[in-house]
Amino acid sequence: MKLKIYWLFVFQLICAISLVPMFMYASWQNWLVTLLVYSFYGCIGATAVFHRLLTHKAYEAPKWFEYFGTVCGTLGGYGSSIAWVAIHRAHHRYVDTDKDPHSPTFKGWFNVQFLIMFNQPNVRLVPDLLRSKFHTAMHNYYWLVHAAYAGILYSIDPFAVVYAHLVPSFLIFHAGGLINNWGHTWGWQDHTGKDTSRNNPILGYLVFGEGWHNNHHSDPKKWNFSEKWWQLDLAALLIKGIKK
């Protein structure tokens with residue numbers, strides 16, 4: 001199963017170009033929508049579902065939440081749930097080695113930040129998702145999902161394709177790149193000796209708790225990355241609500 005990864009590069013290039021009309025024409029209401037969609041793509045999609053639920057199975061969730069979060073993550077523009085989870089499981093299996101798909105030490109910060117989509121995922125690491133008709137469909141019809149969402153937005157407001165899809169996708173894609181880069185180069189370690197993962201307060205607050213990366217690497221099965229009262233983990237608060 002291969003996602004045509006060069007189209008991910010083209011899509012993210014379009015997302016970057018969309019910043020031009022965004023800065024030229026967007027109202028403050030448009031920017032609020034952008035931040036809201038960014039939160040859906042990032043907090044629900046990438047963090048709560050792709051990362052903590054599907055990759056690490058750190059908690060149990062109802063199927064409606066798994067499916068909704070998968071749609072949010074898919075629209076984030078960093079690949080399907082199958083591709084994303086396979087790459088991240090490889091990261092934990094081979095962390096800080098030349099087999100780590102997004103190690104800034106071996107791949108370089110530029111490749112990790114801008115060209116991570118060219119890592120071909122090893123789908124043998126995701127047999128659980130390959131057995132799911134939903135996740136295989138979301139993988140096989142990845143661009144159809146994007147086209148359908150863009151079509152709905154265009155029918156409401158053509159400019160919404162920019163502020164409610166392309167720009168949020170740009171933001172969450174590069175937020176993830178910063179986690180992979182800064183999360184292994186800049187910050188501090190409360191848990192030493194295992195790998196180069198770092199706790200980074202800027203990313204901790206801006207990327208829904210993902211910046212407490214050293215806490216996460218100390219025990220990937222934890223659904224809450226916060227270990228101190230001031231370490232805000234918005235995704236963990238969301239998960240706590242879902243668990244209840």
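Predicted model, so just to flag it, every value in this text is computed and none were measured.

1. Some words on unusual backbone geometry
Residue K57 is not a glycine yet carries a positive backbone phi of 50°. With a relative accessible area of 48%, K57 lands in the partly exposed category. Of note in the backbone geometry, F208 takes a positive phi value of approximately 60° without being a glycine.

2. Examining empty space enclosed by the protein
All told, the structure shown has one cavity of 30 Å³ or more when counted by the stated rule. Its volume calculated, the largest cavity comes out at about 470 Å³. What lines the largest cavity is a set of 30 residues, and nearest its centre among them are Y78, W84, I116, G176 and N180. Residues of the lining of the largest cavity, tallied by class, amount to 16 nonpolar, 13 polar and one charged.

3. Describing the packing of helix α10 (residues 142-156) against helix α11 (residues 160-182)
Running from N to C, α10 and α11 point in directions that differ by 150°, and their axes come no closer than 9 Å. The crossing of α10 and α11 is right-handed. Counted together, H146, Y149, A150, L153 and Y154 of α10 and A160, V161, A164 and H165 of α11 form the full contact between these two elements. When the residues that make up the contact of α10 with α11 are grouped by side-chain class, the tally is seven nonpolar, two polar and no charged.

4. Observations regarding the layout of surface pockets
By volume, the largest pocket is sized at about 170 Å³. What lines the largest pocket is L53, L54, K57, Y59, E60, A61, K63, E66, D128, L129, S132 and H135. At the level of elements, α3 (28-55), α4 (63-75) and α8 (127-130) are the ones that each hand at least two residues to the lining of the largest pocket. Partitioning the lining of the largest pocket into residue classes produces five nonpolar, two polar and five charged.

Calculation criteria
Sequence order as written defines the numbering, with residues in each chain counted from 1. Per-residue local features are limited, in this predicted model, to residues with pLDDT of at least 70; the limit for side-chain atom pairs, both in listing and counting, is 80 or more; totals at the level of whole chains, interfaces and linings are taken over all residues. To obtain the side-chain values, all non-hydrogen atoms of the structure were included, while hydrogens and water were left out. Here the term buried applies to any residue with accessible area under 20% of the maximum for its type, exposed to any over 50%, and partly exposed to those in between, with areas from a 1.4 Å probe on protein chains only. Cavities and pockets were defined on a 1 Å grid built from protein atoms only: a cavity is a group of points that admits a 1.4 Å probe but offers it no way out, a pocket is an open group of points flanked by protein on both sides within 12 Å along at least five of seven lines, and a lining residue is one with an atom within 4 Å of any such point. Grid points are joined across faces, edges and corners, and a volume is the space filled by probe spheres set on the points. Residues are grouped as follows: nonpolar covers Ala, Val, Leu, Ile, Met, Phe, Trp, Tyr, Cys and Pro; charged covers Asp, Glu, Lys and Arg; every other residue, Gly included, is treated as polar. Simply put, an axis is a line fit to the C-alpha atoms, just over the touching stretch for a helix, and the angle between two N-to-C directions goes from 0 to 180 degrees. Comment: elements are numbered from the N terminus, with helices defined as DSSP H or I runs of at least four residues and strands as E runs of at least two. Here a crossing is called left-handed whenever its near helix is offset anticlockwise from the far helix by less than a right angle, and right-handed whenever the offset is clockwise. Should any heavy atoms of two residues lie within 4.5 Å, those residues are counted as being in contact.

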